[in-house]
Amino acid sequence: MLSPACSISIRDNIQVLHIDNAFASAQVALFGAHMLSFQPKSDLRERFWLSKAAKLDGVQAIRGGVPLCWPWFGDHQIKQIEPDNKDFPSHGYVRTQLWNIVKTLDTPKGTEVTLSPTTTQGAGFKGEAQLQLIITIGQHCSMQLVTSNIGSAHFEYRCALHSYFAISDIRTISLQGITGDYRDKTQDMQTFKTPSPYEFNAETDRVHLCQASNVTIVDKQLHTVIGSNGHDSLVVWNPWQDKSISMNDMEDEGYLTMVCVETAITQGEILAPGQSHVLTQIVY
Ligand code: BG6
C-alpha cells in the first residue's frame, strides 16, 4: 500500500514510482532504485539530468539520474587481470536489478521511501549484506544507501550515489567546495591538485579523495548544493564529446548539459558482522 503522495506508472519497460507532495515532485525507477527526477516546488527546476537516449528497457543501466554503484565502484578488481571478462559489470550489479518498495510514508517534512534489491548476492562479492535505499523527498532530495553486514564474517565493498546533475552548459559552470588532490582516470590515475576555479574544457574523470560535506555547482545565477556524508571520495565526471558519441545511450551533444558529482566510497569500507554504514547525498 503506497502513501497518498505516491503512485506508480510504466515508462517503456520499467515501473516508475512518482512522488508528489507539498514540497516537490520526484520519480524513482524500481529498476535499480534509480532516481530519475527531483523538482522542488519552490523553483520548479529539475536537478537531475536524464539522457534523452537513455534505455528504459529494464536490461541496460539507465544513463542519467542517480545510478547506484554497489558492491564495487567502476571496474571490478578482476578486470586488471582479465580485462575482457564480462561477468563483472561496471559499477556493480544492483543498478540493473529490480528493487522492491519496503515502505512509503508521508510526514510533515516530506515523503520517505525505502527500497531494497531483490538480492545482494552476485558474482564478485562474497559478503552477506542487506542493502536499503532510503529516499526522502521534501524541500531537499535526500538519498541514504544503507549497507549492513548480516553475516558472520567481515566484508569489504565500495559504492556510490552516481548523480548526474542538469546544467545549462558544462563550458560555463564551475564547482565550489572540492579541495586537495585528485587521481585522474584519464591519465593513468596520476595525482594532481584540484584546480581553482574548478571549470571544464575537456573529458573529466577524477577521483577526489576529499570528504567535503558540501559541493556547489555554480551555474550562472543558479546554485545546486550537494551535501555528502559517509563518503571517502567525490568523483567528478563528464565524458565530453568523443565519449558521448561513442555511447549508445547518450546523445552526441549530451555532455554539454550534464555533470556527475558522485558521493562515493572508492577506497573500500570494511564492515564487521552486525555493523552498518550509511552513504548519504542531499541535493538542494
Ligand atoms: C564514472 C567513472 O563514475 O562513471 C567513469 O569514473 C565512467 O570512468 C562513468 O566512465 C560512467 O560509467 P558507466 O559504467 O555508467 O558507463
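For the structure itself, look to the data block above.
Parameters at a glance
The numbers attached to residues start from 1 for each chain and follow its sequence in the written order. Under the rules for a predicted model, residues below a pLDDT of 70 receive no local features and side-chain atom pairs below 80 are neither given nor counted, while totals for whole chains, interfaces and linings still include all residues. Side-chain numbers here rest on the full set of heavy atoms in the structure, without hydrogens or water. For Phe, Tyr and Trp, rings pair up if their centres lie within 6.5 Å, where Trp contributes its six-membered ring, and each pair is then called stacked (planes under 30 degrees apart), edge-to-face (over 60) or tilted (otherwise). Only DSSP runs of H or I with at least four residues qualify as helices, and only runs of E with at least two residues qualify as strands; both kinds are numbered from the N terminus onward. We call a residue buried when its accessible area falls under 20% of the maximum for its residue type, exposed when it is over 50%, and partly exposed in between, using a 1.4 Å probe and counting protein chains only. What makes two strands pair is DSSP finding at least two bridges between them. Axis definition: a line fitted to C-alpha atoms, over the contacting stretch in the case of helices. Angles run 0 to 180 degrees between N-to-C directions. The rule for a residue being near a molecule or strand is that one of its heavy atoms must lie within 4 Å of it. Pairing of N or O atoms within 3.5 Å defines a polar contact, subject to two protein rules: one partner must be a possible hydrogen donor and the other a possible acceptor, and residues neighboring in sequence count only if both atoms are side-chain atoms. Residue exposure ignores everything except the shown protein chains as possible cover, and the areas themselves are Shrake-Rupley values with a 1.4 Å probe. Under the scheme applied here, ten amino acids are nonpolar (Ala, Val, Leu, Ile, Met, Phe, Trp, Tyr, Cys and Pro), four are charged (Asp, Glu, Lys and Arg), and all others, including Gly, are polar. Note on terminology: a nonpolar core comprises buried Ala, Val, Leu, Ile, Met, Phe, Trp, Tyr and Cys residues joined through side-chain atoms within 4.5 Å. Any pair of residues with heavy atoms lying within 4.5 Å of one another is described as a contacting pair. Note on definitions: salt bridges are taken to be side-chain nitrogens of Lys or Arg within 4 Å of carboxyl oxygens of Asp or Glu.

1. Remarks on the packing of aromatic side chains
Piece 1. In the structure shown here, the tally under the stated rule is 13 aromatic pairs.
Piece 2. The interplanar angle of 35° and the centroid separation of 5.6 Å between the aromatic rings of Phe-48 and Phe-165 together place this pair among those described as tilted. With Phe-48 in the loop between strand E4 (34-40) and strand E5 (68-69) and Phe-165 in strand E11 (residues 164-166), this pair connects stretches of sequence that are 117 residues apart. Of the two residues, Phe-48 and Phe-165, both sit in the buried class.
Piece 3. Between Phe-125 and Phe-155 the ring centres are 5.2 Å apart and the planes differ by 80°, which places this aromatic pair in the edge-to-face class. Of the two residues, Phe-125 is situated in the loop between strand E7 (110-117) and strand E8 (129-137) and Phe-155 in strand E10 (residues 155-161); the sequence distance between them amounts to 30 residues.
Piece 4. Since its relative accessible area comes to 7%, Phe-125 is described here as buried.
Piece 5. Of the residues examined, Phe-155 reaches a relative accessible area of 5% and is grouped as buried.
Piece 6. An aromatic cluster of at least three residues, connected via ring pairs, comprises Trp-70, Trp-72, Phe-88, Tyr-93, Phe-125, Phe-155 and Tyr-157.

2. Section: the sheet that holds strand E12 (residues 174-176)
Piece 1. Across the sheet, which stays open at both edges, the eight strands sit in the order E6-E7-E8-E9-E20-E17-E16-E12 with antiparallel pairing between neighbours. Edge strands, defined here as strands with exactly one partner in the open sheet, are strand E6 (99-107) and E12. Neighbour-to-neighbour, the strand axes of the sheet open up by a mean angle of 15°, direction not taken into account.
Piece 2. Two strands pair when backbone bridges link them, and strand E17 (residues 222-229) and strand E20 (residues 276-283) are joined in this way by four bridges, in the antiparallel orientation. Looking at the pairing, Ile-226 lines up with Val-283 of E20.

3. Some words on the site of the ligand
Piece 1. Surrounding the ligand, one finds Arg-63, Phe-73, Ser-90, His-91, Arg-95, His-162, Lys-185, Asp-205, Val-235, Trp-237 and Glu-262.
Piece 2. Contact distances for the ligand include 3.1 Å between an oxygen atom and a side-chain N or O atom of His-91.
Piece 3. Within the side chain of Glu-262, an N or O atom sits 2.8 Å from an oxygen atom of the ligand.
Piece 4. Relative to its unbound accessible area of 400 Å², the ligand is 82% covered by the protein chains.
Piece 5. Residue classes in the shell around the ligand are distributed as three nonpolar, three polar and five charged.

4. Focus: the nonpolar core
Piece 1. If you look at the biggest cluster of nonpolar residues, it comprises 65 residues, and the most contacted ones within it are Met-35, Trp-70, Leu-133, Met-143 and Leu-145.
Piece 2. Here this core gets six residues from one element, more than from any other, and that element is strand E19 (residues 258-271).
Piece 3. Contact partners of Leu-145, with chain neighbours within four places excluded, come to Leu-68, Cys-69, Trp-70, Trp-99, Leu-131, Gln-132, Leu-133, Cys-159, Leu-161, His-277, Val-278 and Leu-279.
Piece 4. The next biggest cluster of nonpolar side chains, apart from the first, holds eight residues, and it includes Ile-14, Ala-29, Leu-56 and Ile-62.

5. Quick look at the environment of Ser-142
Piece 1. By secondary structure assignment, the location of Ser-142 is in strand E9 (residues 141-149).
Piece 2. Between the alpha carbons of Ser-142 and Gly-92 there is a distance of 22 Å; along the sequence they are 50 residues apart.
Piece 3. If near-sequence neighbours (up to four positions away) are discounted, Ser-142 is found in contact with Ile-134, Ile-135, Thr-136, Gln-281 and Ile-282.

6. Concerning the pairing of strand E14 (residues 190-193)
Piece 1. Pairing between strand E13 (residues 181-184) and E14: four bridges, direction antiparallel. The residue of E14 that forms the bridge with Arg-183 is Thr-191.
Piece 2. Connecting E13 to the next strand, E14, in antiparallel fashion are five residues, including Asp-188 with a positive phi near 50°.

7. A word on the pairing of E19
Piece 1. Counting buried positions along E19 gives ten out of 14 residues, so the element sits mostly inside the fold.
Piece 2. Here three bridges tie E11 to E19, and the two strands are oriented antiparallel to one another. For Ala-166, the partnering residue across the bridge sits in E19 and is Met-258.

8. Some remarks on the sheet that holds strand E2 (residues 14-20)
Piece 1. With antiparallel pairing, the four strands of this open sheet are ordered in space as E1-E2-E3-E4. Since the sheet does not close on itself, it has two edges, and those belong to strand E1 (6-11) and E4, each with one partner. On average, adjacent strands in this sheet sit at an angle of 20° to one another, irrespective of strand direction.

9. What to know about the pattern of salt bridges
Piece 1. By the definition in use, this model includes seven salt bridges.
Piece 2. The partner of Lys-243 in a salt bridge is Glu-203, and the shortest N-O contact between them spans 2.8 Å. With Lys-243 in helix H1 (residues 240-246) and Glu-203 in the loop between E14 and strand E15 (204-208), this residue pair connects regions lying 40 residues apart in the sequence.
Piece 3. Assessed through its relative accessible area of 38%, Lys-243 is described here as partly exposed.
Piece 4. Glu-203 sits in the partly exposed class, given a relative accessible area of 32%.

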